[in-house]
Amino acid sequence: MIERERLEMDVVFVGAGPANLAAALHLKNLIKEHDELIAAGRKKGNPLGGLEIGVIEKGAAIGAHILSGAVVDPIALRELMPDFLEQGCPVDTVVTEDGFWYLTDKRTIVSPVTPPPLKNHGKYIASLSKICEWLGEKCEEAGINIFPEFPGAEMLYDENERVIGVRTGDKGIDKDGKPKANFEPGVDLLAKITVLGEGSRGSLAKQLTQRLGLNTDSEPQVFSLGVKELWEVPAGNFAEGRVVHTLGFPSDTDTYGGGWIYGMKNNVISIGYVTGLDYKDPLIDPHAEYQKFKTHPQIAKILQGGKMLKYGAKTINAGGWYTMPKLYADGVLIIGDSGSFLNGQRIKGIHTAMKSGMLAAETIVAAFDHNDFTSKTLRHFEEKVNHSWIYDELYAVRNFHASFQSGRWSALVNSGLQFITGGYAWGFMPKEHHIAGHERMEKLEAYNYKGDAVEQRYPDLKFDKQLTFDKITDVYHAAVAHVEDQPSHLHILDTEICATRCAEEYGNPCQRFCPAAVYEMEENAKTGRREIKVNFSNCVHCKTCDISDPYQIINWVTPEGGGGPNYKGM
Ligand code: SF4
């Protein structure tokens, strides 16, 4: 039995992303206002200035695991801190030009008008990693405890299934599960309220949702995977402040997908491609889709003479309103991407994540004011969401992603109609509405594929290491590091399925959907059959494998704190 330190706090935020950092900072501001009103005799109640607030983060530093496009709608940032620019918020560039391109194999059709949801004029192109680093500094200045290298490994419950905090991961366990000389057991962080803002497919949010059945009344979540590189390109190739979104090449019409190019300062561009993880073709490889995207003549011209600087990959929750789980239970709130707050039509979730955090902060102040941390008080979080601009924005696009599950053409017609009707959809919708991606994947035989050779889907794709890169080269540019002598954080519940059923039926799609070459099928010299090999140290923490495995036998758990990619500046 491991002896663990118990640390008593009042509020613990799990994950230092935009939702939780905005929540923690807003909470501090609200507490200050609350206490000032009490001191002035204008409010009754107890002062809350002594509350202990902590933010734990699995990355080595704040921002290290944060990845986004990103064009930021500053609406929430402005509500949080009206003078965010004066306070040095590192938004890189103001958007001055919008574009929307439809790409065929060789041609580019430039839309004469940018679809209104993709109009970004006046918004900010930014590195979300840098914004989080800055928000983290603001939190520390406000007296919030920030603990990097502390992964949330397990939820803690009392005998009534009430959440009472979170256990952080152990350090110094060797690959066989034995303590090493530097062993440090994880800490039990006890809190009256725990807030999960772990991002897309949060591992604690997954545990909690399953255990308490928080998604029984919502539709299955659907996800997309964004694969991104930062490039430095010759001056004149792509203007600073220019934002272009694309549709078409290289996705097939059954697959949700699209590209982006954002012009930042110093001739750096953010370029990436999103592939819906509800694709049907088992040989689809989202990393290969992105590499192929760059070979389009129009895109290759932008990158010509340039240099790739950094790489990253991350999933996003694409389902929106109908896939939102219940956002509260006794002692716990779920916010940000973990709570499905992303607007898939605008491809934006930073502003909604931050706002969800700020509404959670208001709920937390009320809970401490009433000294009640049960669902009775925390349910007000959902009411606050329903009465905020988050509802107006997300309810109007509630059918957006589901309409793409019927294919691109019907989706374009349907999403156009939804734009006019405020989200009402008819005619082209699939009967089941949102369908979990792993259930939509079809078997190799449906495509007449012979085995798992990816060349069958991508016959012309080559990695020339100038324009296109293989996964290993890209992973190098994500600066991934994990302590090698630790147990794999990728738990495959039944490796026999990998060697047999999955190999025959789907050709082991983990080899393709993982954007970091973590999964390989390797011949076992003794048995002569191909078996799964897991190169866990390559993992960029995108969570795709936890989402997309057709048998749902991959469980992503937190590795030792500090391990993973380093997206600083991405
Ligand atoms: Fe993403 Fe899973 Fe691959 Fe890690 S192992 S990079 S979480 S798909």
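Chemist: What should I look at first to understand the overall build of the protein chain in this one?
Modeler: Within the protein chain, the secondary structure is distributed over 17 helices and 26 strands. Its C-alpha atoms give the protein chain a radius of gyration of 23 Å, within 12% of the compact-globule value 25 Å for 570 residues. Overall size of the protein chain, expressed as C-alpha extent along the three principal axes, is 70 × 60 × 45 Å. Scored against the burial criterion, the 570 residues of the protein chain give a buried share of 60%. Entry remark: accessible area of the protein chain is about 22,900 Å², with carbon and sulfur atoms responsible for 50%. Charge centroids of the protein chain, computed over 60 positive and 75 negative side chains, lie 4 Å from each other.

Chemist: Mind showing me how you'd approach the side chain of D546 here?
Modeler: With respect to the helices, strands and loops of the structure, D546 is situated in helix α17 (residues 544-548). The buried category is assigned to D546, whose relative accessible area is 2%. At 2.6 Å, the side chain of D546 and the side chain of R201 are in polar contact. The contact partners of D546, leaving out residues within four places of it in the chain, are R201, K206, Q552, I554, N555 and W556.

Chemist: How should the domain arrangement of the protein chain be read in this particular structure?
Modeler: One frequently used descriptor of interface size is the decrease in accessible area upon assembly of the parts. Here the protein chain is described as being made up of domain 1 (6-71 + 132-219 + 321-395), domain 2 (93-127 + 220-317) and domain 3 (400-437). For domain 1 and domain 3, the distance between their C-alpha centres works out to 32 Å. Facing six residues of domain 1, the contacting portion of domain 3 comprises six residues. Roughly 480 Å² is buried in total at the junction of domain 1 and domain 3, and carbon and sulfur atoms are behind 60% of that figure. Among the residues domain 1 hides against domain 3, the three largest losses belong to E219, Y322 and Q345. Together they make up 73% of the total. In this structure, the connection of domain 1 to domain 3 is made through one residue pair in polar contact (both at pLDDT 80 or more).

Chemist: Got a minute to help me understand the packing of helix α1 (residues 18-39) against helix α3 (residues 128-141) in this structure?
Modeler: In a pair of packed helices, the angle between the axes and the distance between the axes together describe the arrangement. Interhelical geometry of α1 versus α3 gives an angle of 25 degrees and a closest axis separation of 10 Å. Between α1 and α3, the angle falls in the class roughly parallel. In this structure, the crossing between α1 and α3 has a hand that is left-handed. Residue-level contacts link P18, L21, A24 and L25 of α1 to L128, C132, L135, G136, K138 and C139 of α3.

Chemist: Is there a simple way to think about the site of the ligand in this case?
Modeler: In the vicinity of the ligand there are 13 residues, among which C514, C539, C542, K543 and C545 approach most closely. The residue makeup of the shell around the ligand, split by class, is 11 nonpolar, one polar and one charged.

Chemist: What should I look at first to understand the sheet that holds strand β21 (residues 328-329) in this one?
Modeler: Read across the sheet, six strands follow the order β9-β3-β2-β15-β22-β21 without closing on themselves; strand pairing throughout is mixed. A strand with exactly one partner marks an edge of an open sheet, and here the two such strands are β9 (145-148) and β21. Examined bridge by bridge, strand β2 (residues 11-14) and strand β3 (residues 53-57) share four bridges and lie parallel to one another. Note that in β3 the partner of V11 across the bridge is I53. Taken strand by strand, helix α7 (residues 350-370) contacts β2, β15 (193-196) and β22 (332-334), and its axis lies near 170 degrees from that of β15.

Chemist: How do you make sense of the packing of aromatic side chains when you look at a structure like this?
Modeler: For any pair of aromatic rings, the description rests on two quantities: the centre-to-centre distance and the angle between the ring planes. Enumeration according to the criterion identifies 13 aromatic pairs in this entry. An aromatic cluster is defined as three or more aromatic residues linked by ring pairs; in this entry it consists of Y256, F400 and F404. For the cation-ring pair, R398 lies above Y395, with the distance from its terminal atom to the ring centre recorded as 3.9 Å. Between K543 and the ring centre of W556, over which it is positioned, the NZ or CZ distance is 4.4 Å.

Chemist: In this structure, what is going on with the packing of α1 against α7? I would like to understand it.
Modeler: For the pair α1 and α7, the least separation of the axes is 7 Å and the interaxial angle reads 40 degrees. The angle between the axes of α1 and α7 places the two elements in the oblique class. In this structure, α1 meets α7 at a crossing whose hand is right-handed. Where α1 approaches α7, its residues P18, A19, A22, A23, H26, L27, L30, I31 and H34 are matched on the opposing element by I350, A353, M354, S356, G357, M358, A361, E362, I364, V365 and D369.

Cut-offs used in this document
- Sequence order as written defines the numbering, with residues in each chain counted from 1.
- Where totals are concerned, whole chains, interfaces and linings use all residues; where local detail is concerned, this predicted model gives features only for residues with pLDDT of at least 70, and gives and counts side-chain atom pairs only at 80 or more.
- For side-chain calculations, the full set of non-hydrogen atoms in the structure is used, while hydrogens and water are omitted.
- In this description a helix means any DSSP run of H or I spanning at least four residues, a strand means any run of E spanning at least two, and both kinds are numbered starting from the N terminus.
- Computation of the radius of gyration draws on C-alpha atoms, with the globule rule given as 2.2 Å multiplied by the number of residues to the power 0.38.
- Only protein chains enter the area calculation, which uses a 1.4 Å probe; residues under 20% of their type maximum are buried, those over 50% are exposed, and those in between are partly exposed.
- For accessible areas, the Shrake-Rupley method is used with a probe of radius 1.4 Å. Any residue's cover is judged against the shown protein chains and nothing else.
- By the counting rule applied here, Lys and Arg register as positive and Asp and Glu as negative, while His and the ends of each chain are not counted.
- By convention, charge coordinates are those of NZ in Lys, CZ in Arg, CG in Asp, or CD in Glu.
- Throughout this description, a polar contact denotes any pair of N or O atoms lying within 3.5 Å of each other; where both atoms belong to protein, one of them has to be capable of donating a hydrogen while the other can accept it, and for residues adjacent in sequence the pair is counted only when both atoms sit in side chains.
- Working rule for contacts: check all heavy atoms of both residues, and any pair within 4.5 Å makes them a contact.
- Domain extents, as shown, originate in an automatic or database domain assignment.
- Put simply, buried area is how much 1.4 Å-probe accessible surface two parts lose in total, over both of them, once they are put together.
- Simply put, an axis is a line fit to the C-alpha atoms, just over the touching stretch for a helix, and the angle between two N-to-C directions goes from 0 to 180 degrees.
- Convention used here: angles under 35 degrees read as roughly parallel, angles over 145 as roughly antiparallel, angles from 65 to 115 as roughly perpendicular, and any remaining angle as oblique.
- Crossings are classed by handedness, with left-handed meaning an anticlockwise turn of the near helix from the far one by less than a right angle and right-handed meaning a clockwise turn.
- It suffices for a single heavy atom of a residue to lie within 4 Å of a molecule or strand for the residue to be listed as near it.
- Only Asp, Glu, Lys and Arg are considered charged, only Ala, Val, Leu, Ile, Met, Phe, Trp, Tyr, Cys and Pro nonpolar, and every remaining residue, Gly among them, polar.
- Should DSSP find at least two bridges between two strands, the strands are regarded as paired.
- When the centres of two rings from Phe, Tyr and Trp lie within 6.5 Å, Trp using its six-membered ring, the rings pair. Their planes under 30 degrees apart give stacked, over 60 give edge-to-face, and anything left gives tilted.
- Criterion for a charge above a ring: Lys NZ or Arg CZ within 6 Å of the ring centre, and within 35 degrees of the ring normal.

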